[in-house]
Amino acid sequence: YNKTGVFIEPKYWNESKHVVSGKHPQAATVNQLLKSKVSYLEKACFELEHNGGVFDFDALKSLTAHKNKQNFCDYIDQSIKSESKLDYKTIIKYQSNVKIMRKCLPNVDVDKLTAENIKKLDLFFRDEYAQSTVARLHIFVNKYVEKAVKARILKYNPYDGLEFDRSKGESTKTFLTMAEIRAIEGVNGLPDSIAVVRDRFLYSCYTGLRISDNLALMKDMLVDTPDGYVVSLHTIKGYGHDLIHPLGLMFGGRPDEIVRKWINTHDQLTVFPRVSDSYIYEALKVVKELAGID
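Residues numbered from 1 in each chain as written. Predicted model: local features only at pLDDT ≥ 70, side-chain atom pairs only at ≥ 80, totals over all residues. Heavy atoms only, no water.

**Focus: the overall build of the chain**
- From N to C terminus, the chain includes 11 helices and five strands.
- The C-alpha atoms of the chain give a radius of gyration of 28 Å, which is well past the 19 Å a tight globule of 294 residues would have.
- The C-alpha extent of the chain, read off along each of the three principal axes, is 80 × 45 × 40 Å.
- Here the chain, with 294 residues, has 38% of them falling under the buried criterion.
- Counted over contacts in the chain with a minimum sequence separation of 6, partners at least 24 positions apart contribute 59%.
- A total accessible area of about 18,700 Å² is found for the chain, and carbon and sulfur atoms account for 55% of it.
- In the chain, 42 positive and 38 negative side-chain charges are present, and the distance between their average locations comes to 6 Å. (Helix = DSSP H or I, 4+ residues; strand = E, 2+ residues; numbered from the N terminus. Rg over C-alpha atoms; globule rule 2.2 N^0.38 Å. Buried < 20%, exposed > 50% of the residue type's maximum accessible area, 1.4 Å probe, protein only. Contact = heavy atoms within 4.5 Å. Areas by Shrake-Rupley, 256 points an atom, 1.4 Å probe, with all protein chains shown as cover. Lys, Arg positive; Asp, Glu negative; His and termini not counted. Charge placed at Lys NZ, Arg CZ, Asp CG, Glu CD.)

**Things to note about the pairing of strand β3 (residues 222-225)**
- Inspection of the sheet shows β3 paired to strand β4 (residues 228-232) by four bridges, in the antiparallel sense. When the sheet's bridge partners are listed, Asp 224 is paired in β4 with Tyr 229.
- Here β3 hands over to β4 after two residues, the two strands then running antiparallel side by side. (Pairing = 2+ DSSP bridges.)

**Notes on helix α1 (residues 27-50)**
- Taking 1.5 Å of rise per residue, the 24 residues of α1 would be expected to cover 34 Å, and the 34 Å separating its terminal C-alpha atoms lies within 8% of that figure.
- Regarding α1, the residues found buried are Ala 27, Val 30, Leu 33, Leu 34, Lys 37 and Ala 44.
- Positive phi appears at Gly 52, one or two residues downstream of α1, with a value of about 90 degrees. (Expected span 1.5 Å × (residues − 1).)

**Observations concerning the pattern of salt bridges**
- The tally for this structure, following the rule as stated, stands at 15 salt bridges.
- Between Asp 74 and Arg 102 there is a salt bridge, with the nearest N and O atoms lying 2.9 Å from each other. Of this pair, Asp 74 sits in helix α3 (residues 72-82) while Arg 102 sits in helix α4 (residues 88-104); the two residues are 28 residues apart in sequence, bridging distant segments of the chain.
- Across the pair Glu 185 and Arg 182 runs a salt bridge whose closest N-O atoms are separated by 3.0 Å. In this pair, Glu 185 and Arg 182 both sit in helix α7 (residues 178-185), three residues apart, roughly one turn of the helix.
- Of the residues examined, Glu 185 reaches a relative accessible area of 17% and is grouped as buried.
- For Arg 182, a relative accessible area of 44% corresponds to the partly exposed category.
- Three or more residues are tied together by salt bridges with common partners; here these are Arg 182, Glu 185, Arg 254 and Glu 257. (Salt bridge = Lys/Arg side-chain N within 4 Å of Asp/Glu carboxyl O.)

**Thoughts on unusual backbone geometry**
- Here the phi dihedral of His 18 falls at roughly 55 degrees; this positive angle occurs in a residue that is not glycine.
- Residue His 18 is classed as exposed on the basis of its relative accessible area, which comes to 52%.

**A word on the sheet that holds β3**
- Taken together, the three strands give an open sheet; going across it, the order is β3-β4-β5, and neighbouring strands pair in antiparallel fashion. Whereas interior strands pair on both sides, the edge strands pair on one side only; in this sheet they are β3 and β5 (244-246). Between one strand and the next, the sheet's axes are offset by a mean angle of 20 degrees, whatever the strand orientation.
- Sheet topology places β4 next to β5; three bridges connect them, and they run antiparallel. When the sheet's bridge partners are listed, Ser 232 is paired in β5 with Ile 244. (Axes fitted to C-alpha atoms, helices over the stretch in contact; angles between N-to-C directions.)

**Considerations on the packing of helix α8 (residues 192-207) against helix α11 (residues 277-291)**
- Running from N to C, α8 and α11 cross one another at 90 degrees; their axes reach a closest spacing of 9 Å. By the angle between their axes, α8 is roughly perpendicular relative to α11. Here Ser 193, Ile 194, Val 197, Arg 198 and Phe 201 of α8 come into contact with α11, specifically with Tyr 279, Ile 280, Ala 283, Leu 284, Val 286 and Val 287.
- Along the lines of polarity and charge, the residues of the contact of α8 with α11 split into nine nonpolar, one polar and one charged. (Parallel < 35°, antiparallel > 145°, perpendicular 65-115°, else oblique. Nonpolar A, V, L, I, M, F, W, Y, C, P; charged D, E, K, R; others polar.)

See below:
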């Protein structure tokens, strides 16, 4: 037998089906945990025998010992790879978080993780990052600490006894002045791939349109009138009511000029040519530098 670390009263065990019965208040959770443990062992058995080995009791003990002595950062890295529902961008972000952690806790085993380690990690985060990023990183770390506790690799969650500030804090971002917006407008000689990002950003500034809806702005939402384009945003999720933008009457018609500059330069259904989120941020960094603003 191999210990599971799960303890229940005999009355809750279904002997014929080898599962926790529905009478148990956490039957679904415990059965999923047991199923996960069995799957882990079956996979290890297959991999060993597939490569010519024998999955005997010694192999089982070796496997369990190796699991408990695993480096915490390696544990998170492997856990990320096993999460099939994570999309590509999330995986990249999570792996970046692990790299940050390795700088502070490179040699701590999962089962040896303590509150002192978390405090050390917290100080490291606060020396390097803004409060909002510190909060996000702690949420990430705690997610995998709890996973290790549920898997009985770690006896308790070291976060439980800590009281440091995990709030997101106040953002350091502020508004742009009209002078700064004019400076962004005044950047000349940009290639179209960067100019379209710059103009989309200005369009959002002039209309108050968030970036996600800016990216989803469709040509059929615009009606051309003698006073300029009029945009109806009633089809965009999140507003809760119709929202009309008379572009020719807003900020001296600047958003109308921006739309007319781009709407007929491509065959896509969107008003502006599509670009990726990551490219938007990189292009705006270039524009910021050329405009001389911080």
